[in-house]
Amino acid sequence: MSFVRALITPLLSTIAAVCFTAAAILGLAGLAAWADYQNLHFPGAYQCSDAASTIWVAGIMAPLSLILAVGIVCFRWKRSAWRA
């Protein structure tokens, strides 16, 4: 059991860091796609759907990865040895 705990504990920290980073990158990508989608240089311009798809994917995945990261941090904080 201690081997599994020794393996999972650093892995959870890495996953939380990756989730925070992914949330930041996806949030910035969503903002860039939204700016691209709103930027019509001439009347009647046609925007392809990739900007809208990026907005949707970033808008769904960024909050989910942020929630997962916060959940991992809260779990690690409640289970930490120095709090006991």
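Residues numbered from 1 in each chain as written. Predicted model: local features only at pLDDT ≥ 70, side-chain atom pairs only at ≥ 80, totals over all residues. Heavy atoms only, no water.

Visitor: What is the right way to read the overall build of the chain from this model?
Guide: Helices and strands together make up the secondary structure of the chain, namely 2 helices and 0 strands. For the chain, the residues scored as buried account for 15% of the 84 residues in total. The long-range share in the chain, meaning contacts at least 24 apart out of those at least 6 apart in sequence, stands at 68%. Carbon and sulfur atoms provide 74% of the accessible area of the chain, an area that totals close to 6,600 Å². (Helix = DSSP H or I, 4+ residues; strand = E, 2+ residues; numbered from the N terminus. Buried < 20%, exposed > 50% of the residue type's maximum accessible area, 1.4 Å probe, protein only. Contact = heavy atoms within 4.5 Å. Areas by Shrake-Rupley, 256 points an atom, 1.4 Å probe, with all protein chains shown as cover.)

Visitor: How should helix α2 (residues 49-78) be read in this particular structure?
Guide: Since one α-helical turn is 3.6 residues long, residues separated by three or four positions face the same way. A rise of 1.5 Å per residue sets the reference length of α2, with its 30 residues, at 44 Å; its end C-alpha atoms lie 44 Å apart and thus fit the reference within 8%. Among the residues of α2, those classed as buried are Ala51, Ala58, Ala62, Ser65, Ala69 and Ile72. Where the residues of α2 are buried, they touch α1 (2-38). (Expected span 1.5 Å × (residues − 1).)

Visitor: Mind showing me how you'd approach the environment of Thr54 here?
Guide: Residue position: Thr54 is located in helix α2. Taking the C-alpha atoms as reference points, Thr54 and Trp34, separated by 20 residues in sequence, lie 8.4 Å from one another. Apart from residues no more than four positions distant in its own chain, Thr54 is found in contact with Ala29 and Ala33.

Visitor: What am I meant to see in α1 here?
Guide: Between its first and last C-alpha, α1 extends 54 Å over 37 residues, near the 54 Å set by a 1.5 Å rise per residue. Considered for burial, the residues of α1 that qualify are Leu12, Ala16, Cys19, Ala23, Gly30 and Ala33. If you follow the buried residues of α1, they end up packed against α2.

Without other data, these values stay purely geometric and don't point to any function.
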